[in-house]
Amino acid sequence: MNSYPRASAVHAGDRATRGDRALVIIPAYNEAESLPLVLVGLKASDVDLDILVVDDGSTDETAAIARAAGAVVLRLPFNTGIGGALRAGFRYAVERGYERAVQFDADGQHDPGAVTQLLAALDEADLVVGSRFSKEAAYTVGATRAQAMLVLRVLIRILTGRRFSDPSSGFRAFSRPVLVHFSKKYSSEYMESVEALVSAVYAGYRVKELPVRMFPREKGQPSTVRLRLAYHYIRVVVTIVTHAHRRPRATVAVRS
Amino acid sequence: MSLAAWRFAAGPDPAPPGGVSDRAHIFIAVIVLAALIFTVHGVRSYRLRSRYSLLWLVIVVALVPLAVFPGLLDTVSVKLGIDYPPTTFLSLSVAFLFLVVVHLSWELSRAEDRLRTMAEDFALFRAEVDHRLPPETERGPGLGEAAGQNERSAR
């Protein structure tokens, strides 16, 4: 993938200051209802965070709300799916010289208070995954989804040889090397972020799981239709398996 | 039967056993010729990109000798050890069509990937512009809105 010298050169002056700030990347598709609370929560966080909302072709007021709340907004001209929105966010983070970034859900199920924990855990890892299923974080899901998640866990175990209690968690923190890796490699077919987890482990990054509290999804439509859920998970499994090929260990330690 | 005679013939045109009647022979040749002209014309008028037409051209060109020499299929089938010549033809057809379809899926995936990268570029530049404009600048309905409407109507 090309680098984008012009776009990044404009902000070259900001780089020194941006380096130690963290970026919160919020992929959002028609989340105008839940987004305001999420943004307020993040602003109240005890660390200074830059907030980026990636509006993934929303047809509601998502972009306007985010902009009014002072967030930077990336507006994709059409819906590209969670993977597409995330890659746009990773590219932004890389271009603007951020050393750390956090992926955060727009539907209000992530705890803004846990962002600091996740960022702190980056000291001994390249990718930190917030898990909602560890003992400290009581969280329940429907039976179908629970089964599907079990299958995913087993599959991840087979592919990576590692245990992840919540491989599909969308609450994650990234170090710059991982951001650079994902800004090139993140496929738009990555729907559950599980695929990204496998890719990061294979690329040789240090991946760590951290128990965090999560809220039940309040607004937005949880995908409860069984057939759709099944179709969704089958696609996830196919993507993981087809994208899973081990590459030589990446030279990770290149921090600019 | 000569071509001139065929033109006026209203009666049946029996095929020799295991062969092709003259009328059918000419009918097939005309169709193949039309397909060839259609494909070449598409490329010449820039309506068909040459990379997509290539497979089609191969197919049409492969059909020409079969249309001109109907006995060729039988000869080839015998050489391949296939008793029923139409099977040879159908198998090859399916194989070619399969190639064309896979090629198209391949190209579509590539096109989607490029489109997505362009959408990201667009969003990044748009954020850049937003960042530079003074906050009070009136933002008209941008391309994003227009695309959103297109998408809605497409659903």
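Here is what the cut-offs are and how they apply
- Residues numbered from 1 in each chain as written.
- Chains lettered and ligands numbered in written order.
- Predicted model: local features only at pLDDT ≥ 70, side-chain atom pairs only at ≥ 80, totals over all residues.
- Heavy atoms only, no water.
- Helix = DSSP H or I, 4+ residues; strand = E, 2+ residues; numbered from the N terminus.
- Buried < 20%, exposed > 50% of the residue type's maximum accessible area, 1.4 Å probe, protein only.
- Contact = heavy atoms within 4.5 Å.
- Phe/Tyr/Trp six-rings, centres within 6.5 Å; stacked < 30°, edge-to-face > 60°.
- Patch = residues over 30% accessible without salt bridge, like charges linked within 9 Å, V, L, I, M, F, W, Y side chains within 5 Å.
- Areas by Shrake-Rupley, 256 points an atom, 1.4 Å probe, with all protein chains shown as cover.
- Salt bridge = Lys/Arg side-chain N within 4 Å of Asp/Glu carboxyl O.

### Description of the side chain of S77 of chain B
Residue and element names in this part refer to chain B. Structurally, S77 can be placed in helix α4 (residues 71-80). Overall, S77 belongs to the buried group, its relative accessible area being 0%. Discounting chain neighbours no more than four positions away, the residues touching S77 are I82, P85 and T88.

### Comments concerning the packing of aromatic side chains
Residues and elements named next belong to chain A. In total, this model carries 4 aromatic pairs over all chains according to the counting rule given. Between F90 and F174, the ring centres sit 4.9 Å apart and the planes meet at 70°, which makes this aromatic pair edge-to-face. Here F90 is found in helix α5 (residues 81-95), whereas its partner F174 is found in strand β6 (residues 172-175), with 84 residues between them in sequence. Exposure remark for F90: the relative accessible area of 0% places this residue in the buried category. Overall, the relative accessible area of 1% leaves F174 in the buried class.

### Observations concerning a nonpolar patch on the surface
Residues and elements named next belong to chain B. A cluster of nonpolar residues, V64, V68, F69, L72, V76 and L80, forms a patch on the protein surface that exposes about 490 Å² of accessible area. Listed by contribution, the elements that provide at least two residues to the nonpolar patch are α3 (50-68) and α4. Considering the arrangement of structural elements, one finds V68 in helix α3.

### Topic: helix α9 (residues 194-202) of chain A
All names here are of chain A. Burial analysis of α9 places 9 of its 9 residues in the buried class, which makes it a mostly covered element. Taken as a whole, α9 has its buried residues at V194, E195, A196, L197, V198, S199, A200, V201 and Y202. Of the residues one or two after α9, G204 is the one with positive phi, at around 90°.

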